[in-house]
Amino acid sequence: MKAKRNRTKFRQSAYAYVLIAPGLLLVGIILIYPLLRGIVSSFFTQASGSMEFEEFVGLQHYQELLSDQIFWKALRNSAFSTVIIVAALYTIGLCIALLLNKSFRGRGVYRSLVLIPWVVPGIAAAMTWKWMYASQYGIVNHILQALGLIDNNVDWLGSTATALGSIMVTTVWKDIPFVTIVLLAALQSVDTTLYEAVKIDGGNAWQGFWHITMTGIKNVSITTVLLEIIWTFNKFDLVYTMTKGGPSNATQTIPVYTYITAFNFFKLNKAAAVGVIGLLVVGIFAVLYIIYNSREEAQNR
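What counts, and where the lines are drawn
Residues numbered from 1 in each chain as written. Predicted model: local features only at pLDDT ≥ 70, side-chain atom pairs only at ≥ 80, totals over all residues. Heavy atoms only, no water. Helix = DSSP H or I, 4+ residues; strand = E, 2+ residues; numbered from the N terminus. Rg over C-alpha atoms; globule rule 2.2 N^0.38 Å. Buried < 20%, exposed > 50% of the residue type's maximum accessible area, 1.4 Å probe, protein only. Contact = heavy atoms within 4.5 Å. Areas by Shrake-Rupley, 256 points an atom, 1.4 Å probe, with all protein chains shown as cover. Lys, Arg positive; Asp, Glu negative; His and termini not counted. Charge placed at Lys NZ, Arg CZ, Asp CG, Glu CD. 1 Å grid on protein atoms, 1.4 Å probe; cavity = no way out; pocket = protein on both sides within 12 Å on 5 of 7 lines; lining within 4 Å. Points joined across faces, edges and corners; volume = space filled by probe spheres on them. Core = buried A, V, L, I, M, F, W, Y, C linked by side-chain atoms within 4.5 Å. Nonpolar A, V, L, I, M, F, W, Y, C, P; charged D, E, K, R; others polar.

## Details of the overall build of the protein chain
Stage number 1. Each helix and strand in the protein chain was counted, giving 14 helices and two strands.
Stage number 2. Since a compact globule built from 301 residues should have a radius of gyration of about 19 Å, the 25 Å found for the protein chain marks it as more spread out than a globular shape.
Stage number 3. Overall, the C-alpha framework of the protein chain stretches about 85 × 75 × 30 Å when taken along its three principal axes.
Stage number 4. Within the protein chain, buried positions represent 36% of all 301 residues.
Stage number 5. Counting contacts in the protein chain only where the partners sit at least 6 residues apart, residues at least 24 apart contribute 65% of the total.
Stage number 6. A total of about 18400 Å² of accessible surface is found on the protein chain, and carbon and sulfur atoms cover 66% of it.
Stage number 7. Each charge class in the protein chain can be summarised by its mean position, and for the 23 positive and 15 negative side chains these summaries are 13 Å apart.

Encoded structure:
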């Protein structure tokens, strides 16, 4: 009987693998092969006008990056903007989610409206904000002057002092709906009777928020933050459309620098090295995300 059960289990497993084989093959062709080829190409030179590897140069491209000031600028910008953007996304998203979790008239309408920035295509959002930031006719300058916050028009995307911050604001606006909706869903799963228990025990509103609300949404919060770190670090469309990394590389990031190195300067192998370094940085958080999810699944069994 045991042997029969083992044969049945083997057949079921084999059948499952047969069913998922086409999908795995497609993923391998579309994702894994280009990824591996990109990593390998960072150790070679490439013949002009050809996709074939020419000469093995080892870590030469990586050594070049160590003395490349633009690369270090891109890495600093990516790291700095990711930290600020993700912190702002979580803080603002949590505040909005807490408001939308309350009962008030028209709550469903506001919950729908908060999704608008998320459904707008990235290129369309970037072009719209680029016009809004325009120094001569942009609405941002008009509003700030009407409020008395500035006296003269500011070239938000043309100044090294304001360009990166302007893109960060746009990124927060674009991604805030995702964080808000995810945290709102988590808040709705928190047992509200626990707040009454806190009051009975003499606790205040802050203690209820910290020990009940934040504890209840901790798992979702960690997952959301890790995902946003990965997505924000890899953000390309907004930066490239609005500034292309300028002015004077003030908004240069790893994804944009990879693209420019490959397709503007045609240094495909150097661009592959930049991409590998970006992959390693993002990979750290991807591994943390996988480990955390695995532990949560193990605890819930």
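## Some points on the layout of surface pockets
Stage number 1. Within this model, the largest pocket holds a volume of roughly 370 Å³.
Stage number 2. Forming the walls of the largest pocket are 19 residues, and the residues nearest its centre are Pro34, Gly38, Ser41, Leu268 and Ala272.
Stage number 3. Put simply, the parts of the chain that give the lining of the largest pocket at least two residues each are helix H1 (2–41), helix H13 (254–263) and helix H14 (268–300).
Stage number 4. Counting residues per element, the lining of the largest pocket draws most heavily on H14, at seven residues.

## Section: the nonpolar core
Stage number 1. With 22 residues, the main nonpolar core has Leu89, Tyr90, Leu94, Leu183 and Ile217 as its most contacted residues.
Stage number 2. For this core, the elements supplying multiple residues, two or more each, are helix H3 (69–100), helix H8 (163–188) and helix H10 (205–216).
Stage number 3. If one sorts the elements of this core by residue count, H8 sits on top with ten residues.
Stage number 4. Setting aside anything within four residues of it in sequence, one finds Leu94 in contact with Leu89, Leu183, Phe209, Met214 and Ile217.
Stage number 5. Core analysis: the second largest hydrophobic core is formed by 16 residues, Val140, Leu238, Val239 and Ile260 among them.

## Some remarks on empty space enclosed by the protein
Stage number 1. As enumerated under the stated definition, the model contains one cavity of 30 Å³ or more in all.
Stage number 2. Forming the boundary of the largest cavity are 13 residues, of which Ser81, Ile85, Thr232, Val239 and Thr253 lie nearest the centre.
Stage number 3. Residue assignment for the lining of the largest cavity shows that the elements contributing at least two residues are H3, H8 and helix H11 (218–233).
Stage number 4. Counted by class, the lining of the largest cavity contains six nonpolar, six polar and one charged residues.

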